[in-house]
Each structure stands twice: as structure tokens, then as C-alpha cells.
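Now for the letters of each chain:
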Amino acid sequence: MAKEIERKFLVTDSQFIKSLDGGTRIVQAYLSTNPDATVRIRIMGNHAFLTVKSRNVGISRGEWEYEIPIADAEEMIEQCGLNDRIVKTRYRLNRWEIDVFHEQLEGLVIAEIEMTDINESIQIPHFIGQEVSDDPRYFNSNLLKSNILNEK
């Protein structure tokens, strides 16, 4: 089984993003937002993926990801009526992934770091704010229904 160990933080100062190269546009939608079996379709640049994730246990969970043709991903999103889509641009800074959200989540910026071990020590950059790893409102599968931007 593949395992994802990830910590997630709000970004308090996103000015540094201007100095980063490019970024990758991501469009994702969910076939299932059930916490026991989240199923995501993601189009990321020139690639598309179908991903299944198990329930979080702390900052860890099972993850299985399979590359699929972009045309299939687009058809699934369209034909399965997946109108609630997350659109974001992902930037990379060393091991950090910084997601700048667009459309209905405009203004939200989240930084994530994948870890090799639950107890791994990480260096927190200056732009990092509150940790939201354990807050289900910040799981991508919940963002559109959590109304998180109105709670800030």
C-alpha cells in the first residue's frame, strides 16, 4: 500500500511566489468525498490522474494514484456531472508545494510538505502560518463545501 504523510499550513505571506518559476495549473474534481474512500480526478499540466485515498489517521493515510489519459479525465468530469471543481496553481519550493487557489476559493493559499516519517523534523519557512493538517475543512475534498473563506 502506498502511504501519504503530509502536513498542511496556511500561507501568511505569498509575496515570495512572484519569484518562483511558472507553476502548474491543476483542475480536480471528486467522484467520492467519503472520508473512508476519497476518489479524485486531477488534471495537472499535461497529465491526468485518478487517485483513491483512505481515511486520515493523523497526518497519514493510504493513497493509490494512477495516471489516466487526459481525455478520459475530462470526460469523467463532464459526464459524471462533477461541477464542483477546484482550480489552483501549484508552485514548488524545495520540498514544499504551495497551492494558490482560484475561482470560488480565490485568496486561499496553502503550503504542503510530504514527509517520509510521521516524526520527521521539518524546517518551517517564514511564509508559513497556522498548521491545518488535522482540520478537515482544509482537506481538498471538503474545501468547496466548508465555506472556509467566509470563516477567516
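Everything discussed here concerns the structure shown above.
Everything quoted here is computed from the prediction, not taken from an experiment.

Calculation criteria
- Residues numbered from 1 in each chain as written.
- Predicted model: local features only at pLDDT ≥ 70, side-chain atom pairs only at ≥ 80, totals over all residues.
- Heavy atoms only, no water.
- Helix = DSSP H or I, 4+ residues; strand = E, 2+ residues; numbered from the N terminus.
- Core = buried A, V, L, I, M, F, W, Y, C linked by side-chain atoms within 4.5 Å.
- Buried < 20%, exposed > 50% of the residue type's maximum accessible area, 1.4 Å probe, protein only.
- Contact = heavy atoms within 4.5 Å.
- Polar contact = N/O pair within 3.5 Å; in protein donor to acceptor, adjacent residues only side chain to side chain.
- Salt bridge = Lys/Arg side-chain N within 4 Å of Asp/Glu carboxyl O.
- Pairing = 2+ DSSP bridges.

Enquirer: Please clarify how unusual backbone geometry should be interpreted in this entry.
Expert: A negative phi angle is the norm for most residues apart from glycine, just as the trans form is the norm for most peptide bonds. Positive phi, close to 55°, is recorded for Asn94, a residue that is not glycine. Turning to its location among the elements, Asn94 is positioned in the loop between strand E6 (86-93) and strand E7 (96-101). Of note in the backbone geometry, Glu103 takes a positive phi value of approximately 55° without being a glycine. The topology assignment puts Glu103 in the loop between E7 and strand E8 (109-114).

Enquirer: Any chance you could explain the nonpolar core here in plain terms?
Expert: For soluble globular proteins, nonpolar side chains are generally found buried alongside one another. Core analysis: the biggest nonpolar cluster contains 18 residues, and Val11, Phe16, Ile17, Trp96, Ile98, Ala111 and Phe127 have the highest contact counts within it. Put simply, the parts of the chain that give this core at least two residues each are strand E1 (3-11), E7 and E8. Setting aside residues no more than four positions away along its own chain, Ile98 makes contact with Val11, Phe16, Ile17, Thr89, Arg90, Tyr91, Leu93, Val109, Ile110, Ala111 and Phe127. With 11 residues, the next largest nonpolar core counts Tyr30, Phe101, Leu105 and Leu108 among its residues.

Enquirer: Before we go on, may I ask you to explain the environment of Leu108 in this structure?
Expert: Tracing the backbone through its elements, the reader meets Leu108 in the loop between E7 and E8. Its relative accessible area of 0% is what places Leu108 among the buried residues. It is 22 Å that separates the C-alpha atoms of Leu108 and Asn56, two residues lying 52 residues apart in sequence.

Enquirer: Quick question: what am I supposed to make of the side chain of Glu120 here?
Expert: Following the sequence through the fold, Glu120 ends up in the loop between E8 and strand E9 (128-131). Residue class for Glu120 comes out buried when judged on its relative accessible area of 18%. Of the polar contacts made by the side chain of Glu120, one reaches the backbone nitrogen of Thr116; its length is 2.7 Å. Once residues within four sequence positions are removed from consideration, Glu120 is found in contact with Arg95 and Met115.

Enquirer: Can you help me understand the pattern of salt bridges in this one?
Expert: Proximity of charged atoms lets side chains of opposite charge pair with each other. Under the counting rule described, the total for this entry stands at 14 salt bridges. The shortest N-O distance in the salt bridge between Glu4 and Lys53 comes to 3.2 Å. Of this pair, Glu4 sits in strand E1 while Lys53 is found in strand E4 (residues 47-54), placing the two residues 49 residues apart along the sequence. Both residues of the pair, Glu4 and Lys53, belong to the buried class. Put simply, Glu120 and Arg95 hold a salt bridge, and the shortest N to O gap is 2.7 Å. Of this pair, Glu120 sits in the loop between E8 and E9 while Arg95 sits in the loop between E6 and E7, and the two are 25 residues apart along the sequence. The class for Arg95 is partly exposed, based on a relative accessible area of 41%. It is possible to trace a salt-bridge network through shared partners that takes in Lys8, Lys88, Arg90, Arg92, Glu97, Asp99 and Glu112.

Enquirer: Before we go on, may I ask you to explain the pairing of E8 in this structure?
Expert: Where a strand is regular, its side chains alternate between the two sheet faces. Across the six residues of E8, five count as buried, placing the element largely inside the fold. Pairing between E7 and E8: five bridges, direction antiparallel. Note on E8: the bridge partner recorded for Ile98 is Ala111.

Enquirer: How should I be thinking about the environment of Thr116 in this particular structure?
Expert: With respect to the helices and strands, the residue Thr116 is situated in the loop between E8 and E9. Along the primary structure Thr116 and Glu131 are separated by 15 residues, whereas in three dimensions their C-alpha atoms are 18 Å apart. Non-local contacts of Thr116, meaning those with residues more than four positions away in its chain, are made with Ile5 and Arg95.

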